Amino acid sequence: MATFIIVLIIIGAIAGLIARALLPGRDSLGLLGTIVLGVVGSFVGGFLENMIQFHTFSIHQFHATGIIGSIIGAFVVLLLLRLSGHEPGHYR
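Residues numbered from 1 in each chain as written. Predicted model: local features only at pLDDT ≥ 70, side-chain atom pairs only at ≥ 80, totals over all residues. Heavy atoms only, no water.

A. Structural context of the overall build of the chain. Each helix and strand counted, the chain has three helices and zero strands in total. When the helices and strands of the chain are read in sequence order from the N terminus, they spell out α-α-α. A separation of at least 24 residues holds for 65% of the contacts in the chain among residues at least 6 apart in sequence. (Helix = DSSP H or I, 4+ residues; strand = E, 2+ residues; numbered from the N terminus. Contact = heavy atoms within 4.5 Å.)

B. Highlighting helix 3 (residues 66-84). When the terminal C-alpha atoms of helix 3 are compared, their 26 Å separation across 19 residues agrees well with the 27 Å that a helix rising 1.5 Å per residue should span. Of the positions making up helix 3, those classed as buried are G69, S70, I71, G73, A74, L78 and R82. Looking at the residues trailing helix 3, positive phi occurs at G85, about 80°. (Expected span 1.5 Å × (residues − 1). Buried < 20%, exposed > 50% of the residue type's maximum accessible area, 1.4 Å probe, protein only.)

Pasting the structure below:
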């Protein structure tokens, strides 16, 4: 279980950093926010991949395209966060 959490944090940090690099603009997310963005994006990307490819919802399988799905999911979450205006440090 501890290994899963460590891998989740590392993959989340990588996916969050790449998503923030792909979507230009100023973000007031710190390191923890970037990791959370990547982890949430990982779940979103995995959910979308399972629904498109397998037409099922299974969270106990690891696929080779997981990091790509994590980056796409983090990109979508960051885009939705910017469009909604609920970014940390950004007030309307």
